[in-house]
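# Architecture at a glance
One letter stands for each residue in the lines below.
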Amino acid sequence: MLDLRHIRENPEAVASALARRGGSIDLAPLLERDAECRRMASEAEALKAEQNRASGRIAEARRSGADATEMLAAMKQIGDRQKALAEQVKTLEELVRNELLLLPNLPDASVPDGGGEADNVELRRVGTPPRFDFVAKPHDELGEALGLMDFTRAAKISGARFASYSGALARMERALAAFMLDLHTSEHGFTEVVAPYLVNARAMLGTGQLPKFADDLFKVTEDDLYLIPTAEVSVTNLFADEVLPGEQLPIRLAAFSPCFRREAGSYGKDTRGLIRQHQFHKVEMVTLVRPEESEAALERLTGCAEAVLKRLNLAYRVITLCTGDMGFGSARTHDIEVWLPAQDRYREISSCTNFRDFQARRAGIRFKDAGGKPQLVHTLNGSGLAVGRALVAVMENYQRVDGGIDVPEVLQPYMGGLKVIHRP
RNA sequence: GGAGGAGUGGCCGAGUGGUUGAAGGCGGCGGUCUUGAAAACCGUUGAGCGCAAGCUCCGGGGGUUCGAAUCCCUCCUCCUCCGCCA
């Protein structure tokens, strides 16, 4: 959520920053409503003040045994007017807030302009894509040929975009997750955390999934809970409505969790294989920092995600998303894309974002600065990494001519020393 | 799921309709004392909105009243007992 005061004071700057994301947003109606709201609020406050003073006088009169009936009648009227006015203020405030909740974050000045994917800027390429002297197969073909991946049976019980895999592939999923968590906790200073997979609307609002993106979420209507699309939601909201002691920052948490996404509007995209599923696993890194540290924290976070790919010896590139391709709450995002031989291109495997105070304002996450004043933190998060897609990358990059899959060295200890996956 | 109890400031805890944003204690901060520290003593110490006056906030929402932390309704959370259960 944007700072309403900042919009009031810099309407043109905000409008032009928002325009960089594409589309056009007219802030005038919002500002008018806000001004109207504040006019009425100060009127209501004046009435309330009068009421409070009179209340004191009535109390005094009562004590001294004087007659207060006249005052009572007068106050009744003022009270009614005050109440009506206050109600209108509340309605207006809610309206303003609801509009505010629909505004995306302001892109950082350093973010490249652009309308979509094509305008993203590549920062660096790391590693060399492997060369095969045979035609590289897609992971789903490899998996099914190995008899370890089954989309048909998964569809039987859950429909499209669900998968089942077994044996060494299932174990590799677990190995990848464990490897990632171990790396982040032992070398990158993250603390591992388990948090709820079902959360309430307040949490979804805090990180920005609601109210705008309800269609992307699975909802359990019976209990008014949502399945998390990423652990970012539960982990970040762990600190909602808190004022953290300044010395606790930075907070770095890593969480493994399943993620659930309806993928509404992605019909026909990535219909084969594990790339785009309704349910997948991800290790998520969440960082809470002081405002002046968030820029550096984004680079650090990106580096932590990259470290996983380096250890797995997978080729990747890092790109900065342009204004038109960034997520709703993002001020600046780096995507990491891993090389997929069968697709002959890089595909997203991690997204690292600096939200600045956008989420903190929605969720109410603050810290006490040196002066003892509560101030909004900056929040960041990044995939470290998407486990399903990491499995895809390993399968495709480590495939053998015989249809087997070599197990990356760093994963072997997690797989009982297994070096090659063959058809059982 | 059933029965009962409770939700007050960073924490503990008083407060059952009238200057109570809220006694007291702990903790924090500042000071006195001390070579220094501890102890003791004194002072100070919530947040949001507003240029300010001022207004709001005692789990959330609603109601009664001139006036509510205090009364009523409702929801949520926690605790105890019973039931069920990975």
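Each value, and the rule that gives it
Residues numbered from 1 in each chain as written. Chains lettered and ligands numbered in written order. Predicted model: local features only at pLDDT ≥ 70, side-chain atom pairs only at ≥ 80, totals over all residues. Heavy atoms only, no water. Helix = DSSP H or I, 4+ residues; strand = E, 2+ residues; numbered from the N terminus. Buried < 20%, exposed > 50% of the residue type's maximum accessible area, 1.4 Å probe, protein only. Pairing = 2+ DSSP bridges. Contact = heavy atoms within 4.5 Å. Axes fitted to C-alpha atoms, helices over the stretch in contact; angles between N-to-C directions. Core = buried A, V, L, I, M, F, W, Y, C linked by side-chain atoms within 4.5 Å. Polar contact = N/O pair within 3.5 Å; in protein donor to acceptor, adjacent residues only side chain to side chain. Salt bridge = Lys/Arg side-chain N within 4 Å of Asp/Glu carboxyl O. Expected span 1.5 Å × (residues − 1). Near = heavy atom within 4 Å. Nonpolar A, V, L, I, M, F, W, Y, C, P; charged D, E, K, R; others polar. Domains from an automatic or database assignment. Buried area = accessible area lost by both parts, 1.4 Å probe.

With that settled, consider the overall build of chain A. When helices and strands are counted, chain A shows 12 helices and 18 strands. If one aligns the C-alpha atoms of chain A with their principal axes, the spans along those axes are about 100 × 45 × 45 Å. Each of the 424 residues in chain A was classed as buried or not, and the buried ones make up 49%.

Right, let's get into the sheet that holds strand 16 (residues 378-386). One key point about sheets: their strands pair by backbone hydrogen bonds, in either a parallel or an antiparallel sense. Pairing in this open sheet of 8 strands is mixed, and the strands run 1-11-12-13-16-10-9-4 from one edge to the other. Edge positions in the open sheet fall to strand 1 (121-126) and strand 4 (191-192), since each of these has one partner strand only. Here strand 11 (residues 316-320) runs beside strand 12 (residues 332-340); their pairing, made up of 5 bridges, is antiparallel. Opposite Arg-317, over in strand 12, you have Glu-337 as the bridge partner. Seen against the sheet, helix 7 (residues 167-187) touches strand 4, strand 9 (251-260), strand 10 (279-289) and strand 16 and runs at an angle of roughly 10° to strand 10.

Counting residues in hydrophobic clusters, the biggest one holds 54 residues, and the most contacted among them are Met-172, Leu-176, Met-180 and Ile-421. Looking at this core, the elements that each hand over two or more residues are helix 7, strand 10, helix 10 (294-311), strand 11, strand 12, strand 13 (345-356), strand 16 and helix 12 (387-397). It is helix 7 that contributes the most residues to this core, 10 residues altogether. Those residues in contact with Ile-421, other than ones at most four positions away along the chain, are Leu-146, Leu-148, Ala-168, Leu-169, Met-172, Gly-404, Ile-405, Val-407 and Met-415. One finds Ala-17, Val-96, Ile-228 and Phe-358 within the second-largest nonpolar core, a separate group that totals 26 residues.

Attention shifts here to the environment of Glu-93. The topology assignment puts Glu-93 in helix 4 (residues 69-101). A sequence separation of 57 residues divides Glu-93 from Glu-36, and the C-alpha atoms of the two residues are 9.8 Å apart.

Another aspect to go through is helix 6 (residues 151-158). Near the N-terminus of helix 6, the side chain that reaches the backbone nitrogen of Thr-152, with its oxygen 3.2 Å away, is that of Asp-150. Positive phi appears at Gly-159, one or two residues downstream of helix 6, with a value of about 95°.

The next point concerns the pattern of salt bridges. Applying the stated criterion to the full structure yields 21 salt bridges. A salt bridge links Glu-99 to Arg-33, with the nearest nitrogen and oxygen atoms 2.7 Å apart. Note that Glu-99 is positioned in helix 4 and Arg-33 in helix 3 (residues 28-63), a separation of 66 residues in sequence. Here Glu-99 falls in the partly exposed class, since its relative accessible area comes to 22%. For Arg-400, the salt bridge goes to Asp-406, with nearest N and O atoms at 2.8 Å. Residue Arg-400 is classed as partly exposed on the basis of its relative accessible area of 27%. Among the residues examined, Asp-406 registers a relative accessible area of 26% and is labelled partly exposed. Through salt bridges with shared partners, one network takes in Glu-122, Arg-125, Arg-317 and Glu-337.

In this fold, Glu-299 is placed in helix 10. A relative accessible area of 37% places Glu-299 in the partly exposed class. Glu-299 sits 54 residues away from Thr-353 along the chain, and the two C-alpha atoms are 9.7 Å apart. Apart from residues no more than four positions distant in its own chain, Glu-299 is found in contact with Arg-332 and His-334.

With 18 residues, helix 10 should reach 26 Å at 1.5 Å per residue; the first-to-last C-alpha distance of 26 Å fits that figure. Among all positions of helix 10, only Ser-294, Ala-297, Leu-298, Leu-301, Thr-302, Cys-304, Ala-305, Glu-306, Ala-307, Val-308 and Leu-309 are buried. Downstream of helix 10 by one or two residues, Asn-313 has phi in the positive range, about 60°.

Surrounding RNA strand B, one finds 21 residues, the nearest of these being Lys-48, Asn-52, Ile-58, Arg-62 and Lys-90. At the protein interface, 70% of the atoms of RNA strand B within 4 Å belong to sugar or phosphate. In the model, a phosphate oxygen of RNA strand B is placed 3.1 Å from a nitrogen or oxygen of the Asn-52 side chain. At a separation of 3.3 Å, a sugar or linking oxygen of RNA strand B approaches a polar side-chain atom of Arg-366. At the level of elements, helix 1 (4-9), helix 3 and helix 4 are the ones that each hand at least two residues to the surface near RNA strand B. Broken down by element, the surface near RNA strand B gets its largest block of residues, 10 residues, from helix 3. Here the residues of the surface near RNA strand B are counted per class, giving 6 nonpolar, 4 polar and 11 charged.

With that settled, consider the domain arrangement of chain A. With domains assigned, chain A is organised as domain 1 (4-101) and domain 2 (117-421). Taking only C-alpha atoms into account, the centre of domain 1 sits 43 Å from that of domain 2. Counting residues at the interface gives 4 residues for domain 1 and 9 residues for domain 2. Counting the surface lost from both domain 1 and domain 2, the interface buries some 610 Å², and carbon and sulfur atoms represent 47% of this.

Once that is clear, we can look at the sheet that holds strand 8 (residues 242-244). Reading across the sheet, the 3 strands line up as 8-14-15 and stay open at both edges, with mixed pairing between neighbours. Edge positions in the sheet fall to strand 8 and strand 15 (374-376), since each has one partner strand and no second. Across this sheet, the average inter-strand angle for adjacent strands is 40°, counted without regard to direction. Both strand 14 (residues 365-368) and strand 15 contribute to a ladder of 3 bridges, which runs antiparallel. Within strand 15, the residue paired with Phe-367 across the bridge is Gln-375.

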